[in-house]
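Here is how the chains run, residue by residue.
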Amino acid sequence: MKVSVIISYKNEMPFISDCMNSLEDQTEKDFEAIVVCAHTAHADADVIRNMDVSFPLQVIELPEDKDGPAAAKNEGIRASRGEYVFFLDSDDYILSETFCELIRLSDGKDIVAGDIKRTWKNRLHLLNGMKDNSALCPTETADIASALSNILTSHMVLTGIKATGLLIRREFILKHSIMFDESYIYYTEIPFVAQLLVNAQRCVHISYPFYFKRLHQDPVYHPSLNQTMKTHVRLTEALRAYIDTKKITEKTTPSCEAEYDALFIRFYVQRITRFFIKDNAENKSEVFKKAKECFSLISEDALKNAKHYHHMIIKYSLRHTLDKTIKRIRMHTLRQQGLRYFHDWKRIKQFIYRHVFLNRSMNDDAFLFESFFGKSYSDSPKYIFEYICKNNPGKYKYIWVRDKKKKLDIPYPVKQVKRGSLKYMRAMACSKYYITNIRQPMFFVKRPGAVLLETWHGTPLKRLGFDIDEAVFGTPRYKINFKLQSGQWDYLISPNEFCSETFPHCFAYDGKLLNTGYPRNDILYLPPNERTKLTCNIKNELSIPADKKVILYAPTWRDDRKLSEKEYEFSLELDLIRMRERLGDEYVILLRLHYLLVDSLDFSTLEGFAYNVSSYDDIARLYLISDILITDYSSVFFDYANLKRPVLFFTYDLNEYADELRGFYFDMKDLVPGPLLFTTDEVIDSIINLHDVEKEYRKKYDDFYNRFCSWECGKSSQRVTEEIIK
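Residues numbered from 1 in each chain as written. Predicted model: local features only at pLDDT ≥ 70, side-chain atom pairs only at ≥ 80, totals over all residues. Heavy atoms only, no water.

**Looking at the sheet that holds strand S24 (residues 676-677)**
Phase 1: Sheet architecture is open: 6 strands sit in the order S21-S20-S17-S22-S23-S24, paired in parallel fashion. Two strands lie at the open edges of the sheet, namely strand S21 (610-612) and S24, each paired on one side alone.
Phase 2: Judged from the 2 bridges that link them, strand S23 (residues 647-650) and S24 form a sheet pairing that is parallel. Bridge assignment links Phe 650 to a residue of S24, and that residue is Leu 677. (Pairing = 2+ DSSP bridges. Helix = DSSP H or I, 4+ residues; strand = E, 2+ residues; numbered from the N terminus.)

If you want it as structure tokens, here you go:
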């Protein structure tokens, strides 16, 4: 057996498949895998044992009196049989050529080290985005000093030092009795690696990332060990690891010592000093006391080569109390922030928001409304606003957020503020009621007594928030930010029982759910005479011939086609020219893009048949005039179903979208009240034979309506308003 892969496991089931698949794809097949499960993961052990893999797999369960990564790795070493051991965490993965390349350079070496790359991506998305990795650049180091230097300088801070990703000769580990210190919770790898390096006779370092350290986006349902530990415990243990490692490496060369000390200096300045100035941080004095033990161990060469501020703050911390040190750090931080603010008007406005506007009195009679980042006067905020205006004339003050590009057409007296402006921030700070259908800005501060109503904007077919395994469309902090934002919501509207079951989990929300239906759908339940009159008015407004039937095409956005923070590109796969040829005598088509999509479509050659209504504020009004809805994975069909009119699903990229990008809450084939269509011709044929399609899907449509639309009755705005204004 050439390699024993030791995998420590503790409640990482959402990630273990990527780990195992990366082993399954290895070009070098002479290895075994040893998965060591912590005692809290007994339920998962059988699942792992039964995985369909082609390599030898051994699953060990730690006894009740042992826990943690150190104990798991030591148990793996004792159970290993290979010539080499390789440590792999169960939430990480490696390239397919990892063992092949490391073994190729292993002859006579104690350690072969590749680089580690930190990533938020799953294995599939990372491999798809990687360039050709055939040109590896091995850099062989013949002495321990150079090996230590290479491995140390490949990390930016002290805590980046890992035993994972190293191919280590098993006989070498046993000969020097090198084991993990089980008294550590998290940073046991730092002194372990130090022991390896000071005892090794010959090492090879390959400057190429074979190992991918998977960072966890989800700190609520699937946190990493790092995310579950209290900050002061983590920092204190890292400082202890530095002290222990200095004892181990005291006989190394001065250059290696200076490089290791440089990692510590950066760690202190970048991590620990930031902890000190947090007002709610626990046990600052404990961390400061431990840090002072470390200062005397720093070499003069490391201090001399450090940045001026780094050198100064180390010296200052050594000579002064914690309170004085915090004061000095705050002064430096404020000075640095001031320099950044001076060149950044956005930061200046946020500073004014926090330090000026939030100190003003709150207006108890003020409402702030926002829909789709101020791009439209629409959705549930619009209908709640209109209900309050009609039933409470002159009682409240109203402010609507608008996009900087246009002024909203609002039929009631209201103040409009540009999103991002100082007036906008003042309104956010001083209005008692904030009603929005999107997430509030990250800088928003929820004041005591203020009411934040989140209406959201649809029943989800696609997985949302914390139910997405990996948010490829968001930032690495997507889920962390989502949790912070949902924690500020006082109320969240639910349109049906499915959402009431799903929203608390996908939003990590534990506030009050309003089981009222969506206010934006009230318009769909107007009395027949009012509906007919309104339909005629809307058609006239859009210059749609009264004798033509209307098709509404409303596709959603593709998560992987991101252009900017709030914009995605869209490719029109529906052949409108062919549709006009076969349907133009009877129909017109309206194209309504998702609010995140860039509207760059040219319909000049399709005049009289195709209408671009992407900028039309209220899609509910478009539902009223539409005889058929064509969509894909958008939530619009949940709302349109209230009208009991036919829906066609143009799902040309179903497999990619469902499997790779988001995933669905339902099997579309079982759920949707209409056919799944994959070509323009299929869409056209379904429209021509619409009577047969309606007949085929009538039972399914009725069941769908009863499941998702039964709460809607035209009074949702009233129900919501009465709840938030008691």
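That covers the picture; the talk isn't over yet.
**Here's the deal with unusual backbone geometry**
Excluding glycine, residues mostly have negative phi values, and the peptide bonds linking residues are mostly trans.
Phase 1: One non-glycine residue, Asn 283, lies in positive phi territory at about 55 degrees.
Phase 2: If you trace the backbone, Asn 283 turns up in the loop between helix H11 (254-276) and helix H12 (284-295).
Phase 3: Of the residues examined, Asn 283 reaches a relative accessible area of 36% and is grouped as partly exposed.
Phase 4: Of note in this structure, Asp 379 is not a glycine but carries a positive phi near 60 degrees.
Phase 5: One can find Asp 379 in helix H17 (residues 379-391). (Buried < 20%, exposed > 50% of the residue type's maximum accessible area, 1.4 Å probe, protein only.)

**What about the pairing of strand S4 (residues 84-89)?**
Phase 1: Of all 6 residues making up S4, 6 are buried, and the element is well covered by its neighbours.
Phase 2: Across 6 bridges, the pairing between strand S1 (residues 3-9) and S4 is parallel. Looking across to S4, one finds that Ile 6 is bridged to Phe 87.
Phase 3: Here S4 runs beside strand S8 (residues 166-169); their pairing, made up of 3 bridges, is antiparallel. Bridge pairing links Val 85 to Ile 168 in S8.

**Overview of helix H14 (residues 308-319)**
Phase 1: Between the first and last C-alpha of H14 there are 17 Å, a value that for 12 residues agrees with the 16 Å anticipated at 1.5 Å per step.
Phase 2: Among the residues of H14, Tyr 309, His 310, Ile 313, Ile 314, Tyr 316 and Ser 317 are the ones counted as buried. Buried residues in H14, looked at end-on, bunch into an arc of 170 degrees, giving them a common side. Relative to its buried face, H14 has exposed residues pointing more than 90 degrees away, namely His 308 and Arg 319. (Expected span 1.5 Å × (residues − 1). Arc of directions from axis to C-beta.)

**Side note on the environment of Lys 290**
Phase 1: The topology assignment puts Lys 290 in helix H12.
Phase 2: Once the C-alpha coordinates of Lys 290 and Val 53 are considered, the two residues, 237 residues apart in sequence, prove to be 46 Å apart.
Phase 3: Residue contacts for Lys 290: discarding those within four places in its chain leaves Thr 236, Leu 239, Arg 240 and Ile 243. (Contact = heavy atoms within 4.5 Å.)

**Quick look at helix H27 (residues 680-688)**
Residue pairs three or four apart in sequence face the same way in an α-helix, which turns once every 3.6 residues.
Phase 1: For H27, the full list of buried residues reads Thr 680, Val 683, Ile 684, Ser 686 and Ile 687. Taken around the axis of H27, the buried residues stretch over an arc of 160 degrees, which confines them to a single face.

**Concerning the pairing of strand S2 (residues 31-37)**
Phase 1: Judged by how many residues are buried, S2 sits mostly within the fold: 7 of 7 residues are covered.
Phase 2: Residue alternation in S2 divides its side chains into two sets, Phe 31, Ala 33, Val 35 and Cys 37 and Glu 32, Ile 34 and Val 36, and both sets are buried.
Phase 3: The sheet contact formed by S1 and S2 spans 7 bridges and is parallel. Each bridged residue has a counterpart across the sheet, and for Val 3 the counterpart in S2 is Phe 31.
Phase 4: In terms of handedness, the path from S1 via helix H1 (residues 13-24) over to S2 forms a crossover that is right-handed. (Right-handed = clockwise from strand over helix to strand, strands pointing away.)

**Structural notes on the packing of helix H16 (residues 345-355) against helix H18 (residues 422-430)**
Working note: a packed helix pair is described by the angle between its axes plus the distance between those axes.
Phase 1: Two elements in contact, H16 and H18, have axes whose closest approach is 10 Å; the angle formed by their N-to-C orientations is 30 degrees. Relative to H18, H16 is oriented roughly parallel. Handedness of the crossing formed by H16 with H18: right-handed. Facing H16, whose interface residues are Trp 345, Lys 349, Gln 350, Ile 352 and Tyr 353, H18 presents Leu 422, Met 425, Met 428 and Ala 429.
Phase 2: Residue composition of the contact of H16 with H18, by class: 7 nonpolar, 1 polar and 1 charged. (Axes fitted to C-alpha atoms, helices over the stretch in contact; angles between N-to-C directions. Parallel < 35°, antiparallel > 145°, perpendicular 65-115°, else oblique. Left-handed = near helix turned anticlockwise from the far one by under 90°. Nonpolar A, V, L, I, M, F, W, Y, C, P; charged D, E, K, R; others polar.)

**Overview of the sheet that holds strand S14 (residues 451-454)**
Phase 1: Strand order in the open sheet formed by 7 strands is S12-S11-S10-S13-S14-S15-S16, and the pairing between neighbours is parallel. For this open sheet the edge positions go to strand S12 (415-418) and strand S16 (512-515), each flanked by a neighbour on one side alone. Within the sheet, the average angular offset between the axes of one strand and its neighbour, ignoring direction, is 25 degrees.
Phase 2: Summarising the sheet, strand S15 (residues 491-494) and S16 pair through 4 bridges and their orientation is parallel. Counterpart to Leu 492 in the pairing with S16 is Leu 513.

Any functional reading would require information that these geometric values do not contain.
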